[in-house]
Amino acid sequence: MSTGSDGGASMDGAACDGVGVCVSANKAVTAAHNQTGLTSGDIVKVYFPQTRAKWPLTVEVINSDLDYAVLATAGLFSQYLPLYNGLSSSLVGKQLALCAFQLGIHEELPEWSSSSVGVMPATGVKLSREAHHLLYTSDTWPGDSGGALVLYSGELVGLHLAGVNALKEKFE
């Protein structure tokens, strides 16, 4: 899912950019800062590269403190990632994958990675003081915010929010 200006996600007075991930048959999540100027109840058109379709999604929740937004649809997503249900502390040292549309494909990743999503290897390094953020190693680029951070088993463990410098105070 892409919420970039080239994908058509925009509203009067609001700007949307970045990527997101479907987490259930009718919900998707992205980084809240991708939805500048939007509030709960607003509609955004989101581009899905796999189907080359634009869908209207409703902004259901925006949490600026934890930097996530929940988007909902009346339709049904045919593919979505299951959520990780384990301990955050067990993610430190785990092999992960960062999935976003701007990233390149890496040949050493699991079979479920496809050419429609850019995938880069990542490793969990450290949890923030509140255990709400995971510092991990991976190459990232502008526009990757909201990209899925997943275990190689395919479970979603988090979203890419920012580079280490932007979140530095959360880890000190």
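Our structure is the block above this text.
Residues numbered from 1 in each chain as written. Predicted model: local features only at pLDDT ≥ 70, side-chain atom pairs only at ≥ 80, totals over all residues. Heavy atoms only, no water.

How do you make sense of the sheet that holds strand S8 (residues 68-72) when you look at a structure like this?
Strand pairing in a sheet relies on backbone hydrogen bonds. The paired strands run either parallel or antiparallel. Taken in spatial order, the five strands of this open sheet run S3-S4-S8-S7-S6, and their pairing is antiparallel. Here the strands that pair on one side only, and so sit at the sheet edges, are strand S3 (20-22) and strand S6 (43-48). For this sheet, the mean angle separating the axes of adjacent strands, direction not counted, is 35°. Pairing geometry for strand S4 (residues 27-30) and S8, over four bridges, is antiparallel. Within the sheet, the bridge partner assigned to Ala28 lies in S8 and is Leu71. (Pairing = 2+ DSSP bridges. Helix = DSSP H or I, 4+ residues; strand = E, 2+ residues; numbered from the N terminus. Axes fitted to C-alpha atoms, helices over the stretch in contact; angles between N-to-C directions.)

How should the sheet that holds strand S11 (residues 134-137) be read in this particular structure?
Pairing is antiparallel in the open sheet, where five strands are placed in the order S11-S10-S9-S12-S13. The open sheet has two edge strands, S11 and strand S13 (156-159), and neither has a second partner. When the angles between neighbouring strand axes are averaged without regard to direction, this sheet yields 40°. As defined by bridge partners, strand S12 (residues 148-151) adjoins S13 across three bridges and the pair is classed as antiparallel. In the strand pairing of S13, Ala148 is matched with Leu159.

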